[in-house]
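Each chain, letter by letter, is given below.
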Amino acid sequence: MPRRAKRYATRAGLASSATSAALVLALAGTVTGCTGSSGGEDDKDGKPGGASASPSAAAPGKYDSLPEPCGTVGVSHLRDMLPGAAASGDGGDGGDEENTAAPSTGPDPLEGEASTTYDTDRSVGCRWKSATTLGTRHLSVQFERVVSYDPSVSDDEQAERLYGEKARKAGISGAPGPTSGSPSGKTPDGHASPTAEDGGKSTGDDDPGSSADPDKTPAETPSSTAEEDVAPRTLQDIGDAAYLDDALHTADSGLHRDITLVFRTANVIATVEYDQWVTDKHRIPDSHELQQKTRRLAEQLAGRFEED
C-alpha cells in the first residue's frame, strides 16, 4: 500500500506540473497577441500614425484645418472689388455710373455664398457677385488643404507639387518643374500680352527692317515695361509661392477679363478669382485695376494664414 500511494502521488505531481506549464504558455501567447495587435489609430486624414508609424515618416503639414471662407475677406476689400454690391449696401448709387447698382431683390451681395463641400477640413470656398448698369463682377476665394498619403512625402512637399502643376497648366513662365507653357515673352491665346488690348496690331518689333524713330526721345519710344507688368507671371512676397494669370475673353456675348491668383502657404493652396464682364466692348476691363485689387486681397489672405 505505501508504494501504490507513492506512485499515485508522483503521477499527480507530474500532471499538476504539466497543467501549470500549459497555462504559462497560454498566457504568454495571449500577451504576445495583444502586443502585436496594438498600435496608434489613424488620424482624421486617414494617415497612419502612432506606434506603428515609421520613425522616418515625413512630418505632417502646418495646417490641420481651414478658415471659414466667407469671413476671410474684409468688408473694405469687398466694397473695393464689388462696386455694385457696395452701392447696394449703401442704398445709393455711389455718385458715378460705375457704382450704380443694378436692381436686385436677393440677399446682401457682401455676405457671399459658401461653396458646396463635403469636408470643410480639406476644401472650402466662397463667392460674391455684384452687378451695375455697366456690367457684372465676380469674386471667389478657395482654400485647399493638401494631405500626402505617401509616408516619404510631407504634406508641404505634396502641396508644392500640386502648386507647380497648376502653374505649368496655366502656362506661367518660370513655374517649378518641367516647363510646358509657352516660350518666354509669349503667352497662350486669350492671356494678357503686348497685343491683348490693341486689337492685335503689330508694334513693328518683329520686322527685322523696322527700327525706332531716331527723332523720338527715350521717353517717347514704345516700351514693353507696362505690358510685362500685367502679363501672367510669378509673384513675390505672397505666401511661399504665388502666380497670377490674366485672360481677356472677347468671343462671348459679353466681353470679360478674368484674373486668377494662386498662392501656396505650407500645405494650403489658395485661389483668388476675380473677373469683370461688360456689355460695351469699347470699355475693355483694365488689367492694372483688376490685378492690383486681386493682389491686395491675396496679400491679406496670406497674412491671415501666417498669423495662425
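**Notes on helix α4 (residues 155-169)**
Item 1. For α4, built from 15 residues, the straight-helix expectation of 21 Å at 1.5 Å per residue is met to within 8% by its first-to-last C-alpha distance of 21 Å.
Item 2. Within α4 the residues assigned to the buried category are Asp 155, Ala 159, Tyr 163, Gly 164, Ala 167 and Arg 168.
Item 3. In this fold, the buried residues of α4 make contact with β5 (241-249), β6 (255-265) and β7 (268-278).
Item 4. Positive backbone phi, approximately 75°, marks Gly 171, located one or two places after α4.

**A short note on helix α6 (residues 287-307)**
Item 1. Relative to the 30 Å expected for 21 residues at 1.5 Å per residue, α6 spans 30 Å between its end C-alpha atoms, a close match to the ideal helical length.
Item 2. Taken residue by residue, α6 has Ser 287, Leu 290, Gln 291, Lys 293, Thr 294, Leu 297, Ala 298, Leu 301, Ala 302 and Phe 305 as its buried positions.
Item 3. Of the residues that open α6, the one with a side-chain oxygen 3.4 Å from the backbone nitrogen of His 288 is Asp 286.

**So, the nonpolar core**
Item 1. By size, the foremost hydrophobic cluster in this structure holds 33 residues, and its most contacted members are Trp 128, Leu 139, Val 141, Ile 238, Phe 263 and Leu 297.
Item 2. Per element, the largest residue contribution to this core is six residues, and it comes from α6.
Item 3. Excluding anything up to four places from it in sequence, Phe 263 contacts Tyr 163, Ile 238, Gly 239, Ala 241, Ala 242, Val 268, Ile 269, Ala 270, Ala 298, Leu 301 and Ala 302.
Item 4. In this structure, Ala 167, Ala 170, Val 262 and Ile 269 belong to the second largest nonpolar core, which totals 10 residues.

**Description of the state of the cysteines**
Disulfides are covalent bonds that link the sulfur atoms of two cysteine residues.
Item 1. Following the criterion strictly, the structure yields one disulfide and no others.
Item 2. Each sulfur in the disulfide pair Cys 70 and Cys 126 lies 2.0 Å from the other. On the S-S bond that ties Cys 70 to Cys 126, the torsion sits near 95°, and the link is right-handed. On the criterion of sequence distance, the pair formed by Cys 70 in the loop between α1 (2-37) and α2 (75-81) and Cys 126 in strand β2 (residues 123-132) is long-range, its members being 56 residues apart.
Item 3. In this structure Cys 126 comes out as buried when scored by relative accessible area, which is 1%.

**Thoughts on the environment of Lys 62**
Item 1. Mapped onto the secondary structure, Lys 62 falls in the loop between α1 and α2.
Item 2. With relative accessibility at 51%, the residue Lys 62 sits in the exposed group.
Item 3. C-alpha separation for the pair Lys 62 and Asp 155, spaced 93 residues apart in sequence, amounts to 8.3 Å.
Item 4. Not counting the four nearest positions on each side in its chain, Lys 62 is found in contact with Asp 156, Ala 266, Asn 267 and Asp 308.
Item 5. Separated by 3.5 Å, the side chains of Lys 62 and Tyr 63 make a polar contact.

**Remarks on the environment of Gln 142**
Item 1. Here Gln 142 is to be found in strand β3 (residues 135-145).
Item 2. A relative accessible area of 36% places Gln 142 in the partly exposed class.
Item 3. For Gln 142 and Val 272, which are 130 residues apart along the polypeptide, the C-alpha to C-alpha distance reads 6.7 Å.
Item 4. Discounting chain neighbours no more than four positions away, the residues touching Gln 142 are Val 124, Gly 125, Ile 269, Ala 270 and Thr 271.

**What about the pairing of β6?**
Item 1. Among the 11 residues that make up β6, nine are buried, leaving the element largely enclosed by the rest of the structure.
Item 2. Pairing analysis gives nine bridges linking β5 to β6, with the strands arranged antiparallel. In the sheet register, Ala 241 faces β6, and the bridge partner there is Arg 264.
Item 3. Adjacent in sequence and paired antiparallel, β5 and β6 are bridged by five residues.

**Overview of the environment of Arg 283**
Item 1. Turning to its location among the elements, Arg 283 is positioned in the loop between β7 and α6.
Item 2. Using a relative accessible area of 43% as the deciding quantity, one classes Arg 283 as partly exposed.
Item 3. In the structure, Arg 283 is positioned 149 residues away from Leu 134 in sequence and 9.2 Å away in space, judged by C-alpha atoms.
Item 4. Once residues within four sequence positions are removed from consideration, Arg 283 is found in contact with Leu 134 and Val 278.

**Side note on the pattern of salt bridges**
Item 1. A full pass over the atoms with the stated rule returns eight salt bridges.
Item 2. One salt bridge connects Asp 80 with Lys 293, and the closest N-O pair in it is separated by 3.7 Å. Of this pair, Asp 80 sits in helix α2 while Lys 293 sits in helix α6, and the two are 213 residues apart along the sequence.
Item 3. Via salt bridges that share partners, Asp 80, Arg 137, Glu 289, Lys 293 and Arg 296 belong to a single interconnected network.

The rules behind each value
Residues numbered from 1 in each chain as written. Predicted model: local features only at pLDDT ≥ 70, side-chain atom pairs only at ≥ 80, totals over all residues. Heavy atoms only, no water. Helix = DSSP H or I, 4+ residues; strand = E, 2+ residues; numbered from the N terminus. Expected span 1.5 Å × (residues − 1). Buried < 20%, exposed > 50% of the residue type's maximum accessible area, 1.4 Å probe, protein only. Contact = heavy atoms within 4.5 Å. Polar contact = N/O pair within 3.5 Å; in protein donor to acceptor, adjacent residues only side chain to side chain. Core = buried A, V, L, I, M, F, W, Y, C linked by side-chain atoms within 4.5 Å. Disulfide = S-S within 2.5 Å. Pairing = 2+ DSSP bridges. Salt bridge = Lys/Arg side-chain N within 4 Å of Asp/Glu carboxyl O.

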